[in-house]
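Residue strings, one per chain:
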Amino acid sequence: MSKEMLEIKNLKTSFRIKDNYYAAVDDVTLTLNKNEILGIVGESGSGKSALAFSVMGLHNRAKIEGNILFKEHDIANISPSKLNKLRGEAMAMIFQDPLTALNPLMIVGEQISETLILHKKEMSQKQRKEKVIDLLNKVGIPMPEHVYGQYPHELSGGMRQRIIIAIAIANKPELLIADEPTTALDVTIQAQILDLIKTLKDDIDAGIILITHDLGVVAEMADRVAVMYAGQIVEIADVHTLFDNPLHPYTRSLLNSVPNTQEGQEELHVIQGIVPSLSKLPREGCRFAARIPWIDDSAHEENPVMHEVAPGHFVRCTCHNHFHFPDESKEDSTHGIS
Amino acid sequence: MWKFIVRRLVITFPQIILLSLLVFLMAEMMPGDALSGLLDPNIDPAAIEEQRIKLGLNDPWHIKYADWVAGLVQGDLGQSFKFKMPVTELIEQRLVNSFWLGVATLIFTYLIAIPLGITSGRYNDTWADQMITGYTYIGFATPLFIFALVVLWIFGFQLQWFPTSGSVEPGMVPGTFEYVLSKIQHLLLPSLSLALITTVNTVQYLRSEIIDTKQKDFIITARAKGASESRVYNRHILRNSLLPIAAFFGFEITGLIGGTVFVEQIFGYPGMGQLFLESVVGRDYSVVTSVVLLFGIASILGALISDIILSLVDPRIRIK
Amino acid sequence: MGFLDVEDLKVYFPIKGGLFNRTLGNVKAVDGVSFSIEEGKTYGLVGESGSGKTTTGRAIIGLNDITAGKVSFEGKDLTSKKSKTSAVRKDIQMIFQDPYSSLNPRKRVLDIVAEPLRNYEKLSKQAEKQRVGELLEMVGLSPESILKYPHEFSGGQRQRIGVARTIALKPKLIIADEPVSALDVSVQAQVLNFMQDIQKELNLTYLFISHDLGVVKHMCDDIGIMYKGRYVEQGTKQDIFENPQHIYTKRLVAAIPDIDPKNREAQKQFREEVQREYEHSYNDYFDNDGLAYGLQSVSDTHLVALPEKG
């Protein structure tokens, strides 16, 4: 059996705005292995959440092209009933905002047991309740019998996120997608939740796609990292390579704009211009070119594709060979052709 | 939750007292009093004055108010000088008629609103939704009394499917099956025409509740669990959207009161609304004040019911 | 005497309840907070949600009523009734967290930025336009944008419009409440750099309220850590990051994700160690109500909330 459990090929997810379709995810190809955490990093508007929703088949009115191969199915072309059999059973999702992701009028026990009702029909009501209590224990909820009958608004944000995780892992999914799972939480709670996700990963042996804008979270959690910009993956590598030897100008710029906890006062790097909105995305050429205007146009490819620069390390476009920050001269740039 | 209901009940009492005071003062300001209608104009004014003092009509207002309230509590609403009978007796039968009209109207209102609202909300921006929304706009724009007249003319006079006035066929014996059937037959047309107009509020409200709930994050959570579309609708969207509608129930009662005044008059249905109009036109003040008071109390109770239902169904309020 | 002195500040919110909605008790949002900021410095106020950091900032500027305590700015008492309307207020301004909701969407940039000017200074239409144009240039936006509406700008640009409004009256102290938490990393860098630039240019003093220790470390000279309305630790940046004394501070510092994947294991061990210490010595750092003790000084600059000795 191959280690690959999810294969996305040339995925293009487009939304209709007025009379035109605009691709929020464009030409995304990647694989996820068993028991691996793949981090997907990008800023708002990069298409990372749209990618996650495509994999879960949660886009209602989007046009999806390409293939999402998972367990002998292609989620890009799947019937609703087959999709519903996969969702909650073989693949599950953890959401960003634990405040709104739970039904305010349903006790949490009922919300967790719904996944069991849907996929474990043979379970008796008593077995289900036992299983839910067991899950609440597993995600670290104190007094699970009591919490079972509580409503979401009676719980703190961290507790609610644990409930969402309990829902996601109820049927031991093979694929878990975590969409900014800690963005809405305090740092100490974030550390606990990330820890929990890691423990559970080993427990259920799942492949995890972790979507975040926080490079620190990726550095701590991921095995491999894909960086997204304007709907495309611009760089993908294992986590050490990506942080030690980032190549794509966007990856390098992003890393330089994080206030580093190690060093002090130096000026942060600012990426010029703004992330283009969906309808204004450049459709041709290197999409990052407009944000690095000091790099000569000839450095970019006409139709940028992914290049494998080292085993498992892919970079889009050729511009990384000629890239340097505006305040360093070309010669300082250690990366690239020699 | 009990604290909430008790507190809510406590607030209701001053509301009712204030209402009675207002109604009483309005009645006081109207020209004439109980005697002016009863007496022969040829009687000596001095004798009338003597009579007035004897009856307490010249007392200061707060004493008269106290007397009036004492009467109310014992079920004495005064005398109607038009019908020459106690108001209590007069109102009794009318109240029963209006009650059944109200019940029938509410049933029709929800029978129409729930399927239409759900269809419209679930399949919004389809042609079915556009038809339903179109109907609600017509409903908003059509005055009830014109609609009721048209309905009466078509179904009562032209097609003669329904009786055109009264609450029961004359000569029926109360308690028999035919009597009940005749009652229902008399109810159908007025309640249906009232419901067709007033339900558009509920249809629109339900539609926007559903469209709103549809876009909530927890619906995505439900889909991600693998719930089918029909389960997502039945377990999550409908349940969450119908609760506010249930809470709206009490206010529907308040809304009904205004509608019955027109509808009962047009269909010649002997209820409170018709009595109200008749006594206003006939300057039967003791009846008018009593009816206004009862309408007011019904409204206050309607709001009370709404709040209690809301506190029962919404856990976010229930806990406090 | 410092530039801004906060002494034993208390902000309580009443809890209403019971049959007649009486006041049953108080939420002690801020419970005896004291600190002072020197002119031209950046003071970071750090805490998690519910720590009272935002309430402290809002109380200083007068957006929350003060229950007890004293706030003085350049020696003038801000808590006395008289000063509430005085000119001192225009020397202190605030930057809000969410650039999307803090600007009125129906007003043009000109009106947004000119609003404080109109409240305090009487300028002619022409002079006002001139000033707003200058302010926009200062925050790096083109002066032509004065006739645009907020939705025509990106998040970072909007936050800069907010800053332009804030510096319109040439304040001396700016209270920045989570100014970059709603922004993307690259935009965050933009706003932080810019805040440092205008600090030098205008000799500004910042009270920088944030939950993000990474940002605070980058921006601040002195830092106070709050927990449940009280201070748990205060010190210079070095004191807090290199020599944290209170278990809560340690926990907070340990929780910051490390941006270098090589440190993953070390970070994990450090975190587990801190967690063990936290569980083991919880009672040494928190009283019976789970609140921090009073501050004791451990060096000239470094204060830690510890039980009194003896």
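Bear in mind that the values here come from a model prediction, so they are computed numbers and not experimental data.

Moving on: the UniProt feature "domain: ABC transmembrane type-1" (unreviewed entry) in chain B. UniProt feature "domain: ABC transmembrane type-1" (unreviewed entry): in the numbering of this structure it lies at residues 95-306 of chain B. As annotated, residues 95-306 of chain B has a helix share of 82% and a strand share of 0%, and its two end C-alpha atoms lie 22 Å apart.

Let's shift gears to the interface of chain A and chain C. Taken residue by residue, the interface counts 42 residues in chain A and 33 residues in chain C. Approximately 3,300 Å² of surface area, both sides summed, lies buried where chain A meets chain C, with 51% of it carried by carbon and sulfur atoms. The tally of links between chain A and chain C comes to two salt bridges. For Lys262(C), the salt bridge identified is with Asp244(A), shortest N-O distance 3.0 Å. Connecting chain A to chain C are 10 residue pairs in polar contact (both at pLDDT 80 or more). For the side of chain A that touches chain C, the residue count by class is 19 nonpolar, 15 polar and eight charged.

Attention now moves to helix α3 (residues 108-119) of chain A. Burial analysis of α3(A) places 10 of its 12 residues in the buried class, which makes it a mostly covered element. Among the residues of α3(A), those classed as buried are Val108(A), Gly109(A), Gln111(A), Ile112(A), Ser113(A), Glu114(A), Thr115(A), Leu116(A), Leu118(A) and His119(A). Here the buried face of α3(A) lies against α2 (80-86), α4 (125-138), α5 (144-148) and α6 (157-169) of chain A together with α10 (229-266) of chain B.

Right, let's talk about a nonpolar patch on the surface for a bit. All names here are of chain B. A cluster of nonpolar side chains, Phe145, Ile146, Val150, Trp153, Ile154, Phe157, Leu159, Trp161 and Phe262, forms an exposed patch at the surface whose accessible area comes to about 880 Å². Take the nonpolar patch: its biggest share by element is six residues, from helix α7 (residues 144-158). Relative to the elements of secondary structure, Trp153 occurs in helix α7.

As a further point, take the pattern of salt bridges. A full pass over the atoms with the stated rule returns 33 salt bridges over all chains. A salt bridge links Glu130(A) to Lys126(A), with the shortest nitrogen-to-oxygen separation between them at 3.6 Å. Of this pair, Glu130(A) and Lys126(A) both sit in helix α4, four residues apart, roughly one helical turn. A residue is classified by how much of its surface remains accessible, and Lys126(A), at 61% relative accessible area, is exposed. Across the salt bridge formed by Arg108(C) and Asp111(C), the nearest N and O atoms sit 3.5 Å from each other. Judged by relative accessible area, which is 16%, Asp111(C) ranks as buried. Connected via shared salt-bridge partners are Arg108(C), Asp111(C), Arg118(C) and Glu128(C).

This next bit is on α6(A). Residue and element names in this part refer to chain A. Along its 13 residues, α6 runs 19 Å from first to last C-alpha, staying within 8% of the 18 Å computed at 1.5 Å per residue. The element α6 is extensively covered by neighbouring structure, given that 11 of its 13 residues are classed as buried. Burial in α6 covers these residues: Gly158, Arg160, Gln161, Arg162, Ile163, Ile164, Ile165, Ala166, Ile167, Ala168 and Ile169. Those residues of α6 hidden inside the fold are in contact with β6 (91-94), α3, α4, α5, β7 (175-179) and α7 (187-204).

This paragraph deals with the environment of Leu38(A). All names here are of chain A. Mapping Leu38 onto the fold places it in strand β3 (residues 37-41). Residue classification places Leu38 among the buried positions, given a relative accessible area of 0%. The residues contacting Leu38, other than those within four sequence positions of it, are Leu30, Thr31, Leu32, Ile208, Ile209, Leu210, Arg224, Val225 and Ala226.

Residue and element names in this part refer to chain B. Tallying each qualifying case throughout the model produces 22 aromatic pairs over all chains. With 5.5 Å between their ring centres and 35° between their planes, Phe24 and Trp68 make a pair best called tilted. Residue Phe24 is located in helix α1 (residues 2-29), and its partner Trp68 is located in helix α4 (residues 61-73); the two are separated by 44 residues in the primary sequence. Summarising the aromatic geometry, the rings of Tyr65 and Trp68 are spaced 6.2 Å apart at their centres and angled 40° between planes, so their arrangement reads as tilted. One end of the pair is Tyr65 and the other is Trp68, both in helix α4 and three residues apart, which spans about a single turn.

Take the sheet that holds β7(A) next. All names here are of chain A. Spatially, the eight strands line up as an open sheet ordered β6-β7-β8-β3-β9-β10-β12-β11, and their pairing is mixed. In this open sheet, the two strands that pair with only one neighbour each are β6 and β11 (306-310). Direction aside, neighbouring strands of the sheet carry axes that sit 20° apart on average. Alignment of β6 against β7, held across four bridges, turns out to be parallel. When the bridges of β7 are listed, Met93 appears paired with Ile177.

All names here are of chain B. Along its sequence, chain B is organised into domain 1 (2-85) and domain 2 (86-318). Placing the centre of domain 1 and that of domain 2 at their C-alpha centroids yields a distance of 33 Å. Contacts between domain 1 and domain 2 engage 25 residues on the former and 25 residues on the latter. For the pairing of domain 1 and domain 2, the buried interface totals around 2,400 Å² over both sides, and the portion due to carbon and sulfur atoms is 75%. In terms of surface lost to domain 2, no three residues of domain 1 exceed Arg8, Leu77 and Met85, which account for 24% of the buried area on that side. The tally of links between domain 1 and domain 2 comes to one salt bridge. A salt bridge links Asp307 to Arg8, with the shortest nitrogen-to-oxygen separation between them at 2.5 Å. One can count two residue pairs in polar contact (both at pLDDT 80 or more) joining domain 1 with domain 2. Sorting the residues of the side of domain 1 that touches domain 2 by element identifies α1, α4 and β1 (79-80) as the ones contributing at least two each. Among the elements that take part in the side of domain 1 that touches domain 2, α1 stands out by supplying 11 residues, more than any other.

Here we take up the environment of Gly140(A). All names here are of chain A. Looking at where Gly140 falls in the secondary structure, it is placed in the loop between α4 and α5. Looking at Gly140, the relative accessible area reads 36%, which means it is partly exposed. For the pair Gly140 and Ala166, spaced 26 residues apart in sequence, the C-alpha to C-alpha distance is 9.7 Å.

Right, let's talk about the nonpolar core for a bit. One finds Ile163(A) and Leu175(A) to be the most contacted residues of the largest nonpolar core, which totals 110 residues. Ranked by residues supplied to this core, first place goes to α6(A) with seven residues. Beyond its immediate chain neighbours, meaning those up to four positions away, Ile163(A) contacts Leu102(A), Val108(A), Ile112(A), Leu136(A), Ile141(A), Val147(A) and Leu155(A). In terms of nonpolar packing, the next biggest core, distinct from the first, is built from 63 residues, Leu183(C), Phe208(C), Val232(C) and Ala305(C) among them.

Residue and element names in this part refer to chain B. Across the interface, helix α8 (residues 177-214) lies against α10 with an axial gap of 9 Å and an inter-helix angle of 150°. Comparing the axis directions of α8 and α10 gives the class roughly antiparallel. Here the hand of the crossing between α8 and α10 comes out right-handed.

This part covers the confidence of the model for chain B. When pLDDT is averaged along chain B, the result is 84, and 94% of the positions lie at 70 or above. Predicted confidence in chain B is weakest over helix α2 (residues 34-38) of chain B, with a mean pLDDT of 59, and strongest over helix α9 (residues 217-224) of chain B, with 94.

Parameters and conventions
Residues numbered from 1 in each chain as written. Chains lettered and ligands numbered in written order. Predicted model: local features only at pLDDT ≥ 70, side-chain atom pairs only at ≥ 80, totals over all residues. Heavy atoms only, no water. UniProt positions renumbered as here; feature names shortened; annotations may be inferred. Helix = DSSP H or I, 4+ residues; strand = E, 2+ residues; numbered from the N terminus. Contact = heavy atoms within 4.5 Å. Buried area = accessible area lost by both parts, 1.4 Å probe. Salt bridge = Lys/Arg side-chain N within 4 Å of Asp/Glu carboxyl O. Polar contact = N/O pair within 3.5 Å; in protein donor to acceptor, adjacent residues only side chain to side chain. Nonpolar A, V, L, I, M, F, W, Y, C, P; charged D, E, K, R; others polar. Buried < 20%, exposed > 50% of the residue type's maximum accessible area, 1.4 Å probe, protein only. Patch = residues over 30% accessible without salt bridge, like charges linked within 9 Å, V, L, I, M, F, W, Y side chains within 5 Å. Areas by Shrake-Rupley, 256 points an atom, 1.4 Å probe, with all protein chains shown as cover. Expected span 1.5 Å × (residues − 1). Phe/Tyr/Trp six-rings, centres within 6.5 Å; stacked < 30°, edge-to-face > 60°. Pairing = 2+ DSSP bridges. Axes fitted to C-alpha atoms, helices over the stretch in contact; angles between N-to-C directions. Domains from an automatic or database assignment. Core = buried A, V, L, I, M, F, W, Y, C linked by side-chain atoms within 4.5 Å. Parallel < 35°, antiparallel > 145°, perpendicular 65-115°, else oblique. Left-handed = near helix turned anticlockwise from the far one by under 90°. pLDDT = per-residue confidence, 0-100.

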